[in-house]
Amino acid sequence: DRQSVSLLLCLCNLSVHTAMPATRRSPARERPSPSPQRRRSGVAKSAAAAPKQAAPSKLSLVDHVLLPLLLMVTTPTFCHITAWLTAQPEPTLSTLAAAAAAGPAALAADVLASTMPDAKAAVLLTAFSGLALLIYAIPGPVKFGPISDRGARPAYADNAMWHCVLFPLVFVLGAAAGLYPLSVLYDNFGATVGLLNFGGLAFCALLYAKGLSRLGLRPSGPDAGSSGKGLLFDYYWGTELYPQLGGVDVKRFVNCRISMTYWMLAGVSFAAASHSRHGRLDPGLVLCAASQFVYLVKFFYWEIGYMRSIDIITDRAGFYETWGCLVWVPSIYTLHTRSMVQLPSGLSWPAAGAIFAVGLLGVAFNFEADLQRQRFRETGGAALVWGRKPIAIEAEYHVTDPKSGKLARHTSLLLVSGWWGVARHAQYLFELTAEM
């Protein structure tokens, strides 16, 4: 049953990425083929092609209607079902199959009842978001993202490590003071998923209207408007690249300060719930939660690098990006640790420790690869990589000047030393190693 769940999750994660627009890649992010001169000169220029405006892709019934609709129906339902299933005494596929065989209508009623939003979930999420907003306001050095296709350049206060330290500290101290049990995230999980789901769907509708200048709302920058693929796809993909509400960057706040933070603390809360139910610590759950926590500490240290990644600079704030982070990540990325509360791992400390060690190596190498690229970009290619002067490609790309409407030429350095000279995306291999 556990192997079946893992396979099903892999398929679901793959399916989420199948409805991506055909125009996802941009000249600014696409790595050109290495120049024959690059290893002789250290820095090579990519061939300068004549700037052209990308022709809009045609409306596709499958890509722009059926697949988005399928995902927008199945993924919220899947989140509710897994929330119900992991609260059962035996959270396995056999339990789900038996409940479905006994009566689909009764199963649907049970799932809805177990994930119905309530006052406790509302208080929990309000306090969670409020604390995140307070820490978000802490000043920090200003860092910038890449220039968008329409000339916008987002700015971010680099205060992620304040969030990484203060939020878990306040969470643990609140539990120690008796304000709530440390297992609070597990105890209120079903209602929390329901509230996040219904609220997330409504929030995406608000963002949809904002990007199209409706309901008295206005876009926060030039990268907004309809995709031309219809209302359904615009809701799915989003209508604005960098939306802000009250001066708060929506994608950064939702993706990092809510989604990743919940994932970070979920393992801690679920381990506490397991201990209270079984009277002992489960080595598999505890070390899995620890590995998860370490990985996300790495993430917050690298948060500015994430704000320069394709998730941010290409994906708009719609169902795919915003609902996915707000609901799918807390619901599905925590499934393995959540299922172990009712169904202990059965691992010994040595066995769990060996798996934990492999996970730490994956996190460490992933961090090194990401840091190599981040420091390379921030120093204009001057930072040493593995003790040597890095080899780079100077890529040329064009974006639309928002004032003149004409294409403007820009350049970007692409790293081909260190892990980036070993493989195109070695950091993904290390991340998968840590996850597995």
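Thresholds, definitions, all that
Residues numbered from 1 in each chain as written. Predicted model: local features only at pLDDT ≥ 70, side-chain atom pairs only at ≥ 80, totals over all residues. Heavy atoms only, no water. Helix = DSSP H or I, 4+ residues; strand = E, 2+ residues; numbered from the N terminus. Buried < 20%, exposed > 50% of the residue type's maximum accessible area, 1.4 Å probe, protein only. Contact = heavy atoms within 4.5 Å. Areas by Shrake-Rupley, 256 points an atom, 1.4 Å probe, with all protein chains shown as cover. Core = buried A, V, L, I, M, F, W, Y, C linked by side-chain atoms within 4.5 Å. Polar contact = N/O pair within 3.5 Å; in protein donor to acceptor, adjacent residues only side chain to side chain. Patch = residues over 30% accessible without salt bridge, like charges linked within 9 Å, V, L, I, M, F, W, Y side chains within 5 Å. Salt bridge = Lys/Arg side-chain N within 4 Å of Asp/Glu carboxyl O. Axes fitted to C-alpha atoms, helices over the stretch in contact; angles between N-to-C directions. Parallel < 35°, antiparallel > 145°, perpendicular 65-115°, else oblique. Nonpolar A, V, L, I, M, F, W, Y, C, P; charged D, E, K, R; others polar. Phe/Tyr/Trp six-rings, centres within 6.5 Å; stacked < 30°, edge-to-face > 60°. Expected span 1.5 Å × (residues − 1). Bend = angle between axes of the 7 residues up to and from the residue. Left-handed = near helix turned anticlockwise from the far one by under 90°. pLDDT = per-residue confidence, 0-100.

Colleague: Looking at this structure, how should I read the overall build of the protein?
Modeller: Looking only at helices and strands, one finds 19 helices and seven strands in the protein. Counting every position in the protein, which comprises 436 residues, the buried fraction comes to 46%. Considering only residue pairs separated by 6 or more positions, the protein has 77% of its internal contacts joining residues 24 or more positions apart. Carbon and sulfur atoms form 65% of the exposed surface of the protein, whose accessible area is close to 20800 Å².

Colleague: How do you make sense of the nonpolar core when you look at a structure like this?
Modeller: Across soluble globular proteins, nonpolar side chains have a tendency to be buried as a group. In terms of nonpolar packing, the biggest core is built from 51 residues, with Cys-79, Phe-167, Leu-185, Tyr-236, Phe-270 and Trp-323 touching the most fellow members. Ranked by residues supplied to this core, first place goes to helix 11 (residues 250–278) with ten residues. Within the second largest apolar cluster, 22 residues are counted, among which are Met-260, Trp-302, Ile-304 and Ala-434.

Colleague: What is the right way to look at the environment of Ser-269 in this model?
Modeller: Residue placement: Ser-269 occurs in helix 11. Residues Ser-269 and Arg-338 lie 69 residues apart in sequence; the distance between their C-alpha atoms is 9.4 Å. For Ser-269, the contacting residues outside a window of four places in its chain are Phe-171, Leu-182, Ser-183, Val-184, Leu-185 and Tyr-186. Of the polar contacts made by the side chain of Ser-269, one reaches the backbone oxygen of Ser-183; its length is 3.5 Å.

Colleague: I keep staring at a nonpolar patch on the surface and nothing clicks. Help me out?
Modeller: Residues Leu-61, Val-62 and Leu-66 make up a contiguous nonpolar surface patch of about 280 Å² in total accessible area. Assessed through its relative accessible area of 45%, Val-62 is described here as partly exposed.

Colleague: Even after reading the chapter, I still don't get the packing of helix 9 (residues 189–211) against helix 15 (residues 319–332), so can you show me in this structure?
Modeller: What describes two packed helices is the angle between their axes and the distance between those same axes. Two elements in contact, helix 9 and helix 15, have axes separated by 9 Å at closest approach and are oriented at 175 degrees. Considered as vectors, helix 9 and helix 15 are oriented roughly antiparallel to each other. Mapping the contact onto sequence places Phe-189, Val-193, Leu-196, Asn-197, Gly-200, Leu-201, Phe-203, Cys-204 and Leu-207 in helix 9 and Phe-319, Thr-322, Trp-323, Leu-326, Val-327, Pro-330 and Ser-331 in helix 15. Of the residues contributing to the contact of helix 9 with helix 15, the split by class is twelve nonpolar, four polar and no charged.

Colleague: Before we go on, may I ask you to explain the packing of aromatic side chains in this structure?
Modeller: Aromatic rings in a pair are described by how distant their centres are and how their planes are angled relative to each other. For the coordinates displayed, the defined rule picks out 22 aromatic pairs. When the ring of Phe-319 is compared with that of Trp-323, the centres are 4.6 Å apart and the planes differ by 10 degrees; the resulting orientation is stacked. Of the two residues, Phe-319 and Trp-323 both sit in helix 15, four residues apart, roughly one turn of that helix. Using a relative accessible area of 3% as the deciding quantity, one classes Phe-319 as buried. Among the aromatic residues, those joined into a cluster by ring pairs are Phe-233, Tyr-236, Trp-237, Phe-319, Tyr-320 and Trp-323.

Colleague: When you look at helix 3 (residues 61–85) in this model, what are you seeing that I'm missing?
Modeller: Counted at 1.5 Å a residue, the expected span for helix 3 with its 25 residues is 36 Å, and the 34 Å between its end C-alpha atoms agrees. In helix 3, a bend of some 25 degrees at Leu-67 exceeds every other bend along the element, and Pro-68, a proline, comes one to four places later.

Colleague: Explanation requested: the packing of helix 7 (residues 160–176) against helix 11 in the structure shown.
Modeller: Running from N to C, helix 7 and helix 11 point in directions that differ by 40 degrees, and their axes come no closer than 11 Å. Viewed along their axes, helix 7 and helix 11 adopt a mutual orientation that is oblique. Of the two elements, helix 7 crosses helix 11, and the hand of that crossing is right-handed. Of helix 11, the residues touching helix 7 (which contributes Ala-160, His-163, Cys-164, Phe-167, Pro-168 and Phe-171) are Arg-252, Arg-257, Thr-261, Met-264, Leu-265 and Ser-269. Of the residues in the contact of helix 7 with helix 11, the class split is seven nonpolar, three polar and two charged.

Colleague: Can you help me understand the pattern of salt bridges in this one?
Modeller: Working definition: two side chains of opposite charge can pair if their charged atoms are close together. A full pass over the atoms with the stated rule returns nine salt bridges. Put simply, Glu-303 and Arg-257 hold a salt bridge, and the shortest N to O gap is 3.0 Å. With Glu-303 in helix 13 (residues 303–306) and Arg-257 in helix 11, the pair connects residues that are 46 residues apart, well separated along the chain. Assessed through its relative accessible area of 0%, Glu-303 is described here as buried. Taking the shortest distance from any N to any O, the salt bridge between Glu-378 and Arg-308 comes out at 3.4 Å. Of this pair, Glu-378 sits in helix 17 (residues 349–378) while Arg-308 sits in the loop between helix 13 and helix 14 (310–313), and the two are 70 residues apart along the sequence. By relative accessible area, Glu-378 is classed as partly exposed at 39%. Overall, Arg-308 belongs to the partly exposed group, its relative accessible area being 23%. Among the charged side chains, a network of salt bridges with common partners joins Lys-143, Asp-158, Arg-308 and Glu-378.

Colleague: Please clarify how the side chain of Ser-183 should be interpreted in this entry.
Modeller: Here Ser-183 lies in the loop between helix 7 and helix 8 (184–187). Not counting chain neighbours up to four residues away, the residues in contact with Ser-183 comprise Ser-269, Ala-272 and Ala-273.

Colleague: Mind showing me how you'd approach unusual backbone geometry here?
Modeller: Leaving glycine aside, a negative phi is the common case for residues, and trans is the common case for peptide bonds. The backbone of Leu-215 sits at a positive phi, close to 60 degrees, despite the residue not being glycine. Positionally, Leu-215 belongs in the loop between helix 9 and helix 10 (231–237). At Trp-386, a position not held by glycine, the phi torsion is positive, near 55 degrees. Within the secondary structure layout, Trp-386 lies in the loop between helix 17 and strand 6 (392–400). We classify Trp-386 as partly exposed; its relative accessible area is 47%.

Colleague: Explanation requested: the side chain of Thr-322 in the structure shown.
Modeller: In this structure, Thr-322 sits in helix 15. Once you skip the residues sitting within four places of it in the chain, Thr-322 turns out to touch Phe-203, Cys-204, Leu-207, Val-254 and Ala-317.

Colleague: Got a minute to help me understand the confidence of the model for the protein in this structure?
Modeller: Residues shown with low pLDDT carry predicted positions that ought not to be read at fine detail. Summarising the model, the protein shows a mean pLDDT of 87, and 86% of its residues fall at 70 or more. Under a pLDDT of 50 for its full length, residues 1–55 has, in the predicted model, 92 contacts with residues more than four places off or in other chains.

Colleague: I keep staring at helix 15 and nothing clicks. Help me out?
Modeller: In an α-helix, one turn spans 3.6 residues; hence positions three or four apart end up facing the same way. Helix length check: helix 15, at 14 residues, gives a terminal C-alpha distance of 16 Å against a target of 20 Å (1.5 Å per residue), a shortfall beyond 12%. Along helix 15, the helix axis deviates most sharply at Cys-325, where the bend reaches about 50 degrees. With 14 of 14 residues buried, helix 15 is to be regarded as a mostly interior element.

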